[in-house]
Amino acid sequence: MSRPLKIGDNMKILVLNGPNLNMTGIRKKNVYGAQTLDEINRILKAYGEGKGAEMFFYQSNHEGDIIDVIHSSRNEYDGVVINAGAYTHYSYAIRDAIEAVEEYTPFVEVHLSDINAREDFRKISVITDVCVKQFSGYGIDSYKMGIDLLCEIL
Ligand code: DQA
């Protein structure tokens, strides 16, 4: 169960990005797009606020940092949109962290690129089964779909 919302209280949504997402707009623009993470986050902030949510953003290249933020999301956020980057494909530690809190705070998995249409190792996501849904391959719209879904279910 997520944090009970008081009347007049905004739903709190965290957009959590993992390793190398800070290089978005610099690395492989043909795959990940030309917008920087700052530009993406600014657009998502306006998008979420337009839906009445309070938006928070965090990016880290370190697995332990991401795990700590996932744990604290239980008390701090009503829902999380997560792009775990390459950790998606092999981090059982991140998977278990989500599993530990998803009963309190739902997670939606997102990817800029279509992970099912790329190298074989990317086709495996170890976090899918602990997330409400996966949106992959829609660029920034993957995050918007994640925000939409959280706004529907929260
Ligand atoms: C990604 C896809 C991953 O395979 C990759 O390691 C990333 C970004 C995406 O958003 O498309 O870093 O999660």
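In this numbering scheme, every chain counts its residues from 1 along its sequence in written order. In keeping with the predicted nature of the model, local features appear solely for residues at pLDDT of at least 70, side-chain atom pairs appear and are counted solely at 80 or more, and the whole-chain, interface and lining totals rest on all residues. Side-chain calculation: all heavy atoms of the structure are included, whereas hydrogens and water are not.

(A) Geometry of the site of the ligand. We call a residue near a molecule or strand as soon as one heavy atom of that residue lies within 4 Å of the molecule or strand. All residues adjacent to the ligand are Pro19, Arg27, Tyr32, Asn83, Gly85, Ala86, His89, His111, Leu112, Ser113, Ile115 and Arg122. The side chain of Asn83 places a nitrogen or oxygen atom 2.8 Å from an oxygen atom of the ligand. Definition of a polar contact: a pair of N or O atoms within 3.5 Å, with one able to donate and the other able to accept a hydrogen when the atoms are protein atoms, and with sequence-neighbouring residues admitted only if both atoms are side-chain atoms. A distance of 2.7 Å separates an oxygen atom of the ligand from a polar side-chain atom of His89. Using a 1.4 Å probe, accessible areas were evaluated by the Shrake-Rupley method; residue-level cover was limited to the displayed protein chains. When the ligand sits alone it has 320 Å² of accessible area, and the protein chains cover 98% of it. One can see that the ligand is located within the largest pocket. Of the two site types, the cavity is a set of points on a 1 Å grid over the protein atoms alone where a 1.4 Å probe fits but cannot get out, and the pocket is an open set with protein on both sides within 12 Å along at least five of seven lines, each lined by residues with an atom within 4 Å of a point. Molecules are considered to sit inside a cavity or pocket once more than half of their atoms lie within 2 Å of its grid points.

(B) Spatial organisation of the side chain of Arg118. Secondary structure is summarised from DSSP: a helix means a run of H or I of at least four residues, a strand means a run of E of at least two, and numbering begins at the N terminus for each. With respect to the helices and strands, the residue Arg118 is situated in the loop between strand 4 (107-111) and strand 5 (134-136). In this structure the side chain of Arg118 is engaged in a polar contact, spanning 3.0 Å, whose partner is the side chain of Tyr32. Looking at Arg118, its side chain comes within polar contact range of the side chain of Ser113, at 2.9 Å.

(C) Structural view of the sheet that holds strand 4. Should DSSP find at least two bridges between two strands, the strands are regarded as paired. Reading across from one edge, 2-1-3-4-5 is the order of the five strands in this open sheet, with parallel pairing throughout. Only two strands of the sheet have a single neighbouring strand rather than two, namely strand 2 (53-59) and strand 5. When the angles between neighbouring strand axes are averaged without regard to direction, this sheet yields 20°. Two strands pair when backbone bridges link them, and strand 4 and strand 5 are joined in this way by three bridges, in the parallel orientation. Within the sheet, the bridge partner assigned to Glu109 lies in strand 5 and is Gln134. Set on the sheet, helix 2 (residues 37-50) makes contact with strand 1 (11-17) and strand 2; between it and strand 2 the angle comes to about 160°. For helices, the axis comes from a line fit to the C-alpha atoms of the stretch in contact; other axes are also lines fit to C-alpha atoms, and the angle between any two N-to-C directions lies between 0 and 180 degrees. Working rule for contacts: check all heavy atoms of both residues, and any pair within 4.5 Å makes them a contact.

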